[in-house]
Amino acid sequence: GAVVSQHPSWVICKSGTSVKIECRSLDFQATTMFWYRQFPKQSLMLMATSNEGSKATYEQGVEKDKFLINHASLTLSTLTVTSAHPEDSSFYICSASPYRGRDYGYTFGSGTRLTVV
Amino acid sequence: QKEVEQDPGPLSVPEGAIVSLNCTYSNSAFQYFMWYRQYSRKGPELLMYTYSSGNKEDGRFTAQVDKSSKYISLFIRDSQPSDSATYLCAMSASGAGSYQLTFGKGTKLSVIP
């Protein structure tokens, strides 16, 4: 089945530094990947849609200069949290689908827990 | 009103019980309905999906969609301790560009041995 690998699974960083999170589709190509953020006891909130070879599409209220997304290949998307602050501490999850044009075949990564101190 | 409403629980049941999880929604454009299971500190995994109204059964799991009432359900029969997790409903509108999923907050389920 479709597998999405996300790395690292957890990271602690100092306030003001940047953190990069990788999302890889291991056995399929993904022209589109999605990045979500999940706060404790809250729903997954879509942050941005990552498109291979073009700019990401950000949801309203998400700062594109703070959350840099790069989708340089069909199997890799990265999310960089720049100048991280404690309020950026959250669980970040990516997802991708091997099915072009279908909405339900999404596979999620295992998530990255970011703690900014 | 939020697009998707889901009772966060927590819900605690004895092993072997039938579990009923529900979501309501307001966007009539939603056509695809999914249930995900999320273990602590893990990404969600797809349990079931349904297109439009109707029922779908997979082993101990049954998903129901009632579009007229904007109400979806997930039933778990003969619940097991391994079913203890947070269950998220998710929905999507059909058509090109509608890849984004809208999630409920999730219901935390504990199955007690």
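Here, every reference points to the structure presented above.
Residues numbered from 1 in each chain as written. Chains lettered and ligands numbered in written order. Predicted model: local features only at pLDDT ≥ 70, side-chain atom pairs only at ≥ 80, totals over all residues. Heavy atoms only, no water.

**Q** How should I be thinking about the overall build of chain A in this particular structure?
**A** For chain A, the helix and strand inventory stands at 0 helices and 11 strands. Against the compact-globule benchmark of 13 Å for 117 residues, chain A has a radius of gyration of 13 Å, which places it among compact chains. The dimensions of chain A, computed from C-alpha atoms along their principal axes, are 40 × 25 × 20 Å. With 117 residues in all, chain A has 50% of them scored as buried. Nonlocal contacts in chain A, meaning residues at least 24 apart in sequence, comprise 53% of its contacts between residues at least 6 apart. Of the roughly 5,800 Å² that chain A leaves accessible, carbon and sulfur atoms contribute 51%. Of note, chain A has its 11 positive side-chain charges centred 3 Å away from the centre of its 9 negative side-chain charges. (Helix = DSSP H or I, 4+ residues; strand = E, 2+ residues; numbered from the N terminus. Rg over C-alpha atoms; globule rule 2.2 N^0.38 Å. Buried < 20%, exposed > 50% of the residue type's maximum accessible area, 1.4 Å probe, protein only. Contact = heavy atoms within 4.5 Å. Areas by Shrake-Rupley, 256 points an atom, 1.4 Å probe, with all protein chains shown as cover. Lys, Arg positive; Asp, Glu negative; His and termini not counted. Charge placed at Lys NZ, Arg CZ, Asp CG, Glu CD.)

**Q** Would you take a moment to explain the overall build of chain B for this structure?
**A** Counting secondary structure elements, chain B contains 0 helices and 11 strands. Overall, chain B shows an N-to-C arrangement of helices and strands of β-β-β-β-β-β-β-β-β-β-β. Taking 2.2 N^0.38 as the reference for a compact globule, 113 residues should give roughly 13 Å; the C-alpha atoms of chain B span a radius of gyration of 14 Å, in line with that estimate. Principal-axis analysis of the C-alpha atoms places the extent of chain B at approximately 45 × 30 × 25 Å. Across the 113 residues that make up chain B, the buried fraction comes to 42%. Partitioning the contacts of chain B with sequence separation of at least 6, the portion at a separation of at least 24 is 55%.

**Q** I'm lost on the interface of chain A and chain B in this one. Help?
**A** Where interface size is quoted, it is often the accessible area lost as the parts come together. Listed by partner, the interface residues are 23 residues for chain A and 20 residues for chain B. When chain A packs against chain B, close to 1,800 Å² is buried across both sides, 59% of that on carbon and sulfur atoms. Put simply, chain A and chain B have 0 salt bridges between them. At the boundary of chain A and chain B, one finds 4 residue pairs in polar contact (both at pLDDT 80 or more). For the side of chain A that touches chain B, the secondary-structure elements that each account for two or more residues are strand 4 (32–38), strand 5 (44–51) and strand 9 (90–96) of chain A. Tallied by class, residues from the side of chain A that touches chain B come to 9 nonpolar, 8 polar and 6 charged. (Buried area = accessible area lost by both parts, 1.4 Å probe. Salt bridge = Lys/Arg side-chain N within 4 Å of Asp/Glu carboxyl O. Polar contact = N/O pair within 3.5 Å; in protein donor to acceptor, adjacent residues only side chain to side chain. Nonpolar A, V, L, I, M, F, W, Y, C, P; charged D, E, K, R; others polar.)

**Q** Can you walk me through the nonpolar core in this structure?
**A** One broad trend across soluble globular proteins is that nonpolar side chains are buried collectively. Counting residues in hydrophobic clusters, the biggest one holds 24 residues, and the most contacted among them are Trp 35, Phe 67, Leu 79, Tyr 92 and Leu 114 of chain A. Going through the elements one at a time, strand 2 (10–13), strand 3 (19–25), strand 4, strand 5, strand 7 (67–73), strand 8 (76–81), strand 9 and strand 11 (112–116) of chain A are the ones with two or more residues in this core. The next biggest cluster of nonpolar side chains, apart from the first, holds 23 residues, and it includes Val 4, Trp 35, Val 65 and Ala 85 of chain B. (Core = buried A, V, L, I, M, F, W, Y, C linked by side-chain atoms within 4.5 Å.)

**Q** Even after reading the chapter, I still don't get the sheet that holds strand 1 (residues 4–7) of chain A, so can you show me in this structure?
**A** Sheet strands pair by backbone hydrogen bonding; their relative direction is either parallel or antiparallel. Residue and element names in this part refer to chain A. A sheet is described by the order of its strands in space; here 4 strands give the open sequence 1-3-8-7, paired in antiparallel fashion. The sheet is open, and its two borders are formed by strand 1 and strand 7, each paired with just one other strand. Strand-to-strand twist in this sheet, taken as the mean axis angle between neighbours without regard to direction, amounts to 15°. Of the pairings in the sheet, the one linking strand 3 to strand 8 comprises 6 bridges and is antiparallel in character. Following the sheet pairing, Glu 22 is matched in strand 8 by Thr 78. (Pairing = 2+ DSSP bridges. Axes fitted to C-alpha atoms, helices over the stretch in contact; angles between N-to-C directions.)

**Q** Even after reading the chapter, I still don't get a nonpolar patch on the surface, so can you show me in this structure?
**A** Taken together, the side chains of Trp 10, Ile 12 and Val 117 of chain A make up a nonpolar region of the molecular surface, amounting to roughly 380 Å² of accessible area. Mapped onto the elements of the fold, Trp 10 of chain A is located in strand 2. (Patch = residues over 30% accessible without salt bridge, like charges linked within 9 Å, V, L, I, M, F, W, Y side chains within 5 Å.)

**Q** Even after reading the chapter, I still don't get the pairing of strand 2 of chain A, so can you show me in this structure?
**A** If a strand is regular, its side chains alternate between the two faces of the sheet. All names here are of chain A. With burial as the criterion, only one face of strand 2 is covered, namely that bearing Val 11 and Cys 13; the residues Trp 10 and Ile 12 on the opposite face remain uncovered. Inspection of the sheet shows strand 2 paired to strand 11 by 4 bridges, in the parallel sense. If you follow Ile 12 over to strand 11, its bridge partner there is Thr 115.

**Q** Before we go on, may I ask you to explain unusual backbone geometry in this structure?
**A** Among all residues save glycine, negative phi is the norm, and among peptide bonds the norm is trans. Cis geometry marks the peptide bond from His 7 of chain A to Pro 8 of chain A, where omega comes out at 0°. The phi angle at Ser 83 of chain A is positive, at roughly 45°, despite the residue not being glycine. A relative accessible area of 34% means that Ser 83 of chain A is categorised as partly exposed. If you check the backbone angles, Arg 41 of chain B has positive phi at about 60° while not being a glycine.

**Q** Sorry if this is basic, but what is going on with the state of the cysteines here?
**A** Simply put, the disulfide is a covalent bond whose two ends are the sulfur atoms of two cysteines. Residues and elements named next belong to chain A. Going through the model one piece at a time under the given rule, you end up with 2 disulfides over all chains. Here Cys 23 is linked by a disulfide to Cys 94, with a sulfur-sulfur distance of 2.0 Å. With the S-S bond torsion at 85°, the cross-link from Cys 23 to Cys 94 turns out right-handed. Taken together, the residues Cys 23 in strand 3 and Cys 94 in strand 9 connect sequence positions 71 residues apart. We note that Cys 23, like Cys 94, is buried. (Disulfide = S-S within 2.5 Å.)

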